[in-house]
Amino acid sequence: MEVLKEKVEEEEAAEREEAAERGERHERAEKITHPVEVHKEEPILTQEALRDLEKTLTEIEVQVPTEPPVSTKAPIDTSKLPPSYSTNSPKEEHLLQVADNFSRQYSHLCPDRVPLFLHPLNECDVPKFVSTTIRPTLTPYPELYNWDSCAQFVSDFLTMVPLPDPLKPVIKKVEKAPPKKYTIKPPRDLSSRFEQEQEDKRQKQIQAEREQRLKEEEDRILEAEKAKPDPLHGLRVHCWVLVLAGKREVPECFFIEPLTGRSYSTQDDHFLGIESLWNHRNYWINMQDCWNCCKDLVFDLGDPVRWEYMLLGTDKPHLALTEEDEEEDERMDDEDCIEDLGKEDEDKSFDMPHSWVVQIEISPEAFEMRCPNGNKVIQYKRAQLEKWAPYLNSNGLVCRLTTYEDLQYTKVLEVKEWFQNREDMLELRHTYETTGLHIDYFKPGHPQALRVHSYKSMQPEMDRVMEFYEMTRVDGLIKREETPTTMTEYYQGRTDFLTYRHITFGPRVKKLSQNSAESNPRPTVKITERFLRNPEKPADEDVAERVFLIPEERIQLRYHCRDDYITTSKREYVRRTEVDSKGNKITMTPDMCISFEVEPMEHTKKLLYQYETLLHLKSEEKLSRHQAWESELEVLEILKLREEEEEAHTLTISIYDTKRNEKSKEYREAMERVLHEEHLRQVEAQLDYLAPFLAQLPPGEKMTRWQAMRLKDECLSDFKQRLIDKANLIQARFEEETQELQKKQQWYQENQVTLTPEDEDQYLSYCSQAMFRIRILEQRLNRHKELAPLKYLALEEKLYKDPRLTDFVKVFM
């Protein structure tokens, strides 16, 4: 500030000298031109010049707005705001005066810079200093903005994320193969080299033309996407957060964008420059040049050359010094302390007023909405991102990313939709609009253990791929691929070592009565199954692949290969019926089994072994065909279930969400109702049944035995009469309902021929309701007859035990 005062004094002295010089020149000019003023022969402006001026002025048009400008300011109910929003305290008024003085000095010294952002208007159109809009935390720290939580977050993030280790080269040791004694000469190459060269030249030319076309297309796209020059580049004003390094182990300064919450480096090109900084203690002006954006700025707020502060003596950051400078500064401070010992320092600090902003309170409902109206749309180049709050959409949609082919957002390429709280565990749906392919991703917990479902149509017997959670399914199925004629299944972790099954279907036989896929399945033509190696069996007896050719009645087997062999054993069985057309039994013949064995064994050549193997394969074929039929039914069941889930799209609600959980809400209301009824019963039980009769006695008079007996008899007789009246009332209602039903039945008998179907339905509905009421009244009457004597005896016992009548009626007990 002292530097500013000296500059102001120098400027004022220079202005006074310039004013004196201008006065002297004016006086000399008056003396010279005074005799000329009386000479009026030549006018200052001619008539032609006046006409030109008038013509020019008439051509000027002033645009007058027809409608007053519409204010875009959102309406705010200021009546609910505290007084600190609408008024300023004396300390705040003083601070505003200091800010105005500081702003005038800044505008005088730096006329080419934009005005300072010091005291904008708040919701109530009252000027407030920017530093008083910040609410410090409970434990303030001297770093800028007091963003302790941001610094702590950055520190935790840097400590939790490990740095990647340098890539270590992996050297594979290759053992040198022994020299071969005999080698096979390769066949001669009889192809023409000239033709090969011509073909290579043609392929290169085609590739060059393709690359040229791609380059031209890319240039055209880049030219179309080239951004137009922004007329407001560098003129927009924005506020963001700066976190200084040093506290909470923050290694370097960084920015936080308040609209997105993302952090950026101070070297980021999005931030063009800084005019000023402020926190809850002080205000600083950037005196550095921002020609290179914020990359070369030094954020040492203790340096008054780079950052001019506004308030003096407000715990401002100290100038960053080197170690040698720090030692010299400490020595100078000690000498100054010794010299100034005994002197009183003048307090020139300014106490910053407390923040006028109330603590922000966000309700759980508003916090869950996350943005106004719970919906937010973000436009990107060739993409659009839409976000919704949870439970805002009935289908659980919370996010959608749409990718477009052009910049005008007209041709859709892909659509990604994210879901939450779905009962069917649907998490993501990826749609390719160009091919019509849909891919649904599910979280664990689906009734069919579905993980991924890729399809183009939900109709059965179409191209689709289903992936499952293998740990949930008992059969170990992890993937199923289906086409109109085939079905391929992949397994994992089965006890029979089955890992692959491929089923080929034939055309369905048309039936007049049965045309559905469930009642009329497709005929199975071929089943191919593959197995993993079973270490408990020899390789020559462990089947690796099994093929059932059903129309040809043949079964092909391929066994696993031994470790020291390059070929595998194979067998083919001809599956024939057990009896021929005449009913004669067919026996096993050697031509029914064709085999190739790497190492022939005696027991495999016997017909008994081949016959038992064939019987086992027949049972396995029957089982495989049944499993193929079950797989078809399972696909139909999954498709039907998915259609029902998409139609219902039910959402799951936590039991702790009492606002949306209707079951929990109903249960809570039922419990409250039961407690209320229990309270009413307790209150009713505590009612004084002798109060109406005791009121007939004179107040303050002692009760006699005769009066006590009279009270007991009157109470019992009154209760008995009420029981009789209740029974008569139920009986009257019963008779009334019965008579009404009889009248309705008689009316029906008289008009039965002319009644319409609607009248008959109304009659039957009335009879049903009337019979229901009659049965209820009959049950109430019978129950009242059963409980009336018991209630009478219970009241009589209470009267005998009543302490007010015990002394008078105990003789008669």
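Bear in mind the structure is a predicted one, so any value in this text is a computation, not a measurement.

J.: Sorry if this is basic, but what is going on with the overall build of the protein here?
T.: Within the protein one finds 14 helices and 22 strands. For the protein, the share of sequence-separated contacts (at least 6 apart) that also reach a separation of at least 24 residues comes to 46%.

J.: I'm lost on the side chain of Gln610 in this one. Help?
T.: Of note, Gln610 is situated in helix H9 (residues 607-648). You can call Gln610 buried: its relative accessible area is 7%. Other than its neighbours up to four places away in sequence, Gln610 contacts Tyr573, Met588, Cys593, Thr604 and Lys605.

J.: What should I look at first to understand the sheet that holds strand E3 (residues 263-265) in this one?
T.: Pairing between the strands of a sheet is mediated by backbone hydrogen bonds and can be parallel or antiparallel. One open sheet holds the 3 strands; their spatial order is E1-E2-E3, and the pairing between them is antiparallel. Edge positions in the open sheet fall to strand E1 (241-243) and E3, since each of these has one partner strand only. For this sheet, the mean angle separating the axes of adjacent strands, direction not counted, is 35°.

J.: Would you explain the nonpolar core in this entry?
T.: Counting 32 residues, the largest nonpolar core has Leu450, Met466, Phe468, Ile503, Ile555, Leu557 and Tyr573 as its most contacted members. Elements with a contribution of two residues or more to this core: strand E14 (464-468), strand E16 (486-491), strand E17 (498-505), strand E18 (524-531), strand E19 (543-549), strand E20 (554-559) and H9. If one sorts the elements of this core by residue count, H9 sits on top with 6 residues. Not counting chain neighbours up to four residues away, the residues in contact with Leu557 comprise Val543, Glu545, Arg546, Ser569, Lys570, Arg571, Tyr573 and Leu617. Within the second largest apolar cluster, 18 residues are counted, among which are Leu96, Ala99, Trp278 and Tyr283.

J.: Explain the sheet that holds strand E4 (residues 276-278) here, please?
T.: In space, the 3 strands of this open sheet follow the order E4-E5-E6, with antiparallel pairing throughout. Only two strands of the sheet have a single partner each, and these edge strands are E4 and strand E6 (307-309). Ignoring strand direction, the axes of neighbouring strands in this sheet form an average angle of 25°. Two elements, E4 and strand E5 (residues 283-286), share 3 bridges in a ladder whose sense is antiparallel. Residue pairing in the sheet places Ser276 in a bridge with Ile285 of E5.

J.: Is there a simple way to think about the side chain of Arg642 in this case?
T.: Residue position: Arg642 is located in helix H9. When near neighbours in sequence (up to four residues on either side) are disregarded, Arg642 contacts Asp424, Leu426, Arg429, Asp440, Phe442, His446, Leu450 and Met458.

J.: Teacher, can you tell me more about the packing of aromatic side chains here?
T.: To describe a pair of aromatic rings, you give the distance between the ring centres and the angle between the ring planes. Applying the stated rule across the entire model yields 13 aromatic pairs. Taken together, a centroid distance of 5.7 Å and an interplanar angle of 75° make the contact between Trp240 and Phe255 edge-to-face. With Trp240 in the loop between helix H6 (193-225) and E1 and Phe255 in strand E2 (residues 254-256), this residue pair connects regions lying 15 residues apart in the sequence. A single burial state applies to Trp240 and to Phe255, both of which are buried. Measuring from centroid to centroid gives 6.0 Å for Trp278 and Tyr283, while their planes differ by 5°, and the two rings are stacked.

J.: Help me understand unusual backbone geometry in this model?
T.: Among all residues except glycine, the phi angle is most often negative; among peptide bonds, the trans geometry is most common. Although it is not a glycine, Arg248 sits at a positive phi angle of roughly 55°. Inspection of the secondary structure puts Arg248 in the loop between E1 and E2. One non-glycine residue, Glu461, adopts positive backbone phi at about 60°. Its location among the elements puts Glu461 in the loop between strand E13 (450-455) and E14.

J.: So what exactly am I meant to see when it comes to the pairing of strand E8 (residues 383-388) here?
T.: The two faces of a sheet get side chains in turn, since along a regular strand they alternate between them. Burial of E8 is extensive: 5 of the 6 residues sit out of reach of the surface. Note: strand E7 (residues 375-380) against E8, 6 bridges, orientation antiparallel. If you follow Asn375 over to E8, its bridge partner there is Trp388. In textbook terms, the turn of a hairpin is the stretch between consecutive antiparallel strands, and for E7 and E8 this stretch comprises 2 residues, one of which, Arg382, has a positive phi near 65°. Two elements, E8 and strand E9 (residues 397-404), share 5 bridges in a ladder whose sense is antiparallel. In the strand pairing of E9, Ala383 is matched with Thr403.

J.: It is not clear to me how the confidence of the model for the protein should be interpreted in this structure. Could you clarify?
T.: Mean pLDDT over the protein stands at 80; residues scoring 70 or higher make up 77%. A low-confidence stretch, residues 138-178 (pLDDT under 50), is modelled with 48 contacts involving residues beyond four sequence positions or located in other chains.

J.: So what exactly am I meant to see when it comes to the pattern of salt bridges here?
T.: Applying the stated criterion across every chain, the model contains 47 salt bridges. The salt bridge involving Arg306 is made with Asp303; its shortest N-O contact spans 2.5 Å. For Arg306, a relative accessible area of 32% translates into the label partly exposed. Under the relative-accessibility criterion, Asp303 is labelled buried at 10%. Through salt bridges with shared partners, a single network forms among Arg473, Asp475, Arg480, Glu489, Arg501, Glu529, Arg546, Glu620 and Glu634.

About the thresholds
Residues numbered from 1 in each chain as written. Predicted model: local features only at pLDDT ≥ 70, side-chain atom pairs only at ≥ 80, totals over all residues. Heavy atoms only, no water. Helix = DSSP H or I, 4+ residues; strand = E, 2+ residues; numbered from the N terminus. Contact = heavy atoms within 4.5 Å. Buried < 20%, exposed > 50% of the residue type's maximum accessible area, 1.4 Å probe, protein only. Pairing = 2+ DSSP bridges. Axes fitted to C-alpha atoms, helices over the stretch in contact; angles between N-to-C directions. Core = buried A, V, L, I, M, F, W, Y, C linked by side-chain atoms within 4.5 Å. Phe/Tyr/Trp six-rings, centres within 6.5 Å; stacked < 30°, edge-to-face > 60°. pLDDT = per-residue confidence, 0-100. Salt bridge = Lys/Arg side-chain N within 4 Å of Asp/Glu carboxyl O.

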